[in-house]
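Working through the structure, step by step
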Amino acid sequence: MSSTHIGLRARLHEWAQAGWRAHTGWVLAIFATISFSMAPPLVRYAIVDGFDPVALLVARMILASTLLGITLGALDWRKLRLSPRGMAACALVGAVNAAGMVLFFVALGLLEASLASMILALSPPMVLSLLALRGERLTQRHLVRLGLALSGVYLLVGPSGEVNWVGVALALLATFLFSLQMALTQWTLAPYPTRTVAFYVTAWMTACVVGWWLLRGATWSAPSMGGWLAVIALAIVSTYIARLAFFAAVGAIGGAQVSLLGPVETLLSVTWSVLFLQERLTLWQWLGGGLILISALLAVQRLGRVNLRLPRR
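Residues numbered from 1 in each chain as written. Predicted model: local features only at pLDDT ≥ 70, side-chain atom pairs only at ≥ 80, totals over all residues. Heavy atoms only, no water.

Another point: the pattern of salt bridges. Evaluated as defined, the whole model comprises 1 salt bridge. Its salt-bridge partner being Asp52, residue Arg216 comes within 3.2 Å of it at the nearest N-O pair. Taken together, the positions of Arg216 in the loop between helix H9 (194-215) and helix H10 (225-253) and Asp52 in the loop between helix H2 (39-48) and helix H3 (53-76) put the pair 164 residues apart, joining distant regions of the chain. The class for Asp52 is buried, based on a relative accessible area of 14%. (Salt bridge = Lys/Arg side-chain N within 4 Å of Asp/Glu carboxyl O. Helix = DSSP H or I, 4+ residues; strand = E, 2+ residues; numbered from the N terminus. Buried < 20%, exposed > 50% of the residue type's maximum accessible area, 1.4 Å probe, protein only.)

Below, the structure written as structure tokens:
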């Protein structure tokens, strides 16, 4: 067989492998997106069922971080090594993310999951605004994104007059903290292995959440069977499995491609909330949510060109 034929076969084999890797990556990315989208409705269900929001978060984070640590140690224990500087950065990012998680869980006790999910979709344009503080160039298009986002927020919470404003304020603050966490990840954790960062950020989040729970009196009310099932689904499906699938997808097709599914996650969260929690939105709120999703999609496309790694909540 000639060298030309051998080279052609090798190239075809590489193309086939690349195509299979991309196909697998998209399947994993879609699976992760569906899994992440289940979190707000599950949290809302457990809280309405009587589970204390912070206690619910504690149970979720302890189970998820334990599973992530066992998995990472079993696959390659050397991945658990991290420099002191990297550990300090993980602690900072974890603390900011933990604060956002606590606020968001409390907000879900005051707001419907569909409304909170739409507010959370403001994160990409917020991230772009924060990156401008470190020199990322912003264009007139960003002003358009912000205008769409702010208009969407007004339509989402303004015309109906029936929205809990404390819950909205908490959800907005949580969204800002999630955005700050993403920017801090880009600024401080980009040089470190993604899976290692994911584990240590999750571990620090767990430590901060447990610390806050203890400081406020370790409130615990015995959840029902439905509440426990929600915790297990949150920890295993929407955190542990979802994060593993997410990072595998990023390795296969890149973070920019995976991040494009962010608005889809919001739409799915709203869909689950309407279908399974019987939540209802007004026409103005649907229009507002649509504007926010358009703004988020435009911002995510820009973030893909910035090559920002977007860790999940």
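Here we take up the packing of helix H6 (residues 123-131) against helix H7 (residues 140-157). In contact at an axis separation of 10 Å, H6 and H7 are set at 140° when each is read in the N-to-C sense. Comparing the axis directions of H6 and H7 gives the class oblique. The hand of the H6/H7 crossing is left-handed. Between H6 and H7, the residues in contact are Pro125, Leu128 and Ser129 and His142, Arg145, Leu146 and Ala149, respectively. Split by residue class, the contact of H6 with H7 holds 4 nonpolar, 2 polar and 1 charged. (Axes fitted to C-alpha atoms, helices over the stretch in contact; angles between N-to-C directions. Parallel < 35°, antiparallel > 145°, perpendicular 65-115°, else oblique. Left-handed = near helix turned anticlockwise from the far one by under 90°. Contact = heavy atoms within 4.5 Å. Nonpolar A, V, L, I, M, F, W, Y, C, P; charged D, E, K, R; others polar.)

Scanning the model with the defined rule gives 8 aromatic pairs in all. An angle of 90° between the planes, with centres 5.5 Å apart, marks the rings of Phe51 and Trp220 as edge-to-face. Linking Phe51 in the loop between H2 and H3 with Trp220 in the loop between H9 and H10, this pair joins segments that are 169 residues apart in sequence. Their ring planes at 45° and their centres at 5.8 Å tell us that Trp220 and Trp228 sit as a pair that is tilted. (Phe/Tyr/Trp six-rings, centres within 6.5 Å; stacked < 30°, edge-to-face > 60°.)

As a further point, take helix H12 (residues 262-276). Taking 1.5 Å per residue as the helical rise, H12 with its 15 residues ought to reach 21 Å, and the 21 Å between its terminal C-alpha atoms agrees with that figure. Of all the residues in H12, the buried ones are Gly262, Pro263, Glu265, Thr266, Leu268, Ser269, Val270 and Ser273. Among the residues trailing H12, Gln278 stands out with phi positive, at a value near 55°. (Expected span 1.5 Å × (residues − 1).)

Let us look at unusual backbone geometry. Glycine aside, a negative phi is what most residues show, and trans is what most peptide bonds show. One non-glycine residue, Ala218, lies in the positive phi region at around 50°. A residue is classified by how much of its surface remains accessible, and Ala218, at 28% relative accessible area, is partly exposed. Even without being a glycine, Gln278 presents a positive backbone phi close to 55°. Residue position: Gln278 is located in the loop between H12 and helix H13 (283-306).

What follows deals with empty space enclosed by the protein. To find the voids left in a structure, one rolls a probe of water-molecule size over its atoms. Under the counting rule described, the total for this entry stands at 1 cavity of 30 Å³ or more. The calculated volume of the largest cavity comes to roughly 110 Å³. In terms of lining residues, the largest cavity is bounded by Leu68, Thr71, Leu72, Leu75, Arg195, Ala198, Phe199, Arg243, Leu244 and Phe247. Element by element, the count of residues in the lining of the largest cavity is highest for H3, at 4 residues. (1 Å grid on protein atoms, 1.4 Å probe; cavity = no way out; pocket = protein on both sides within 12 Å on 5 of 7 lines; lining within 4 Å. Points joined across faces, edges and corners; volume = space filled by probe spheres on them.)

When its volume is computed, the second largest pocket comes out at roughly 170 Å³. Considering the residues around the second largest pocket, the lining is formed by 12 residues, among which Glu112, Leu115, Glu162, Val163 and Gln285 are closest to the centre.

Below, the discussion takes up the side chain of Thr175. Among the secondary structure elements, Thr175 is positioned in helix H8 (residues 165-188). A polar atom in the side chain of Thr175 sits 2.8 Å from the backbone oxygen of Ala171. Contacts of Thr175, omitting those with residues within four sequence positions, involve Ile119, Leu120, Leu122, Ser123 and Met126. (Polar contact = N/O pair within 3.5 Å; in protein donor to acceptor, adjacent residues only side chain to side chain.)

Contact geometry for H3 and H9: axes closest at 9 Å, N-to-C directions at 150°. In terms of axis orientation, H3 runs roughly antiparallel to H9. The hand of the H3/H9 crossing is left-handed. Within the contact between the two elements, H3 uses Val54, Ala55, Leu57, Val58, Met61, Ile62, Ser65, Leu68, Gly69, Leu72 and Leu75 and H9 uses Arg195, Thr196, Phe199, Thr202, Ala203, Met205, Thr206, Val209, Val210, Trp212 and Trp213. Broken down by class, the residue content of the contact of H3 with H9 amounts to 16 nonpolar, 5 polar and 1 charged.

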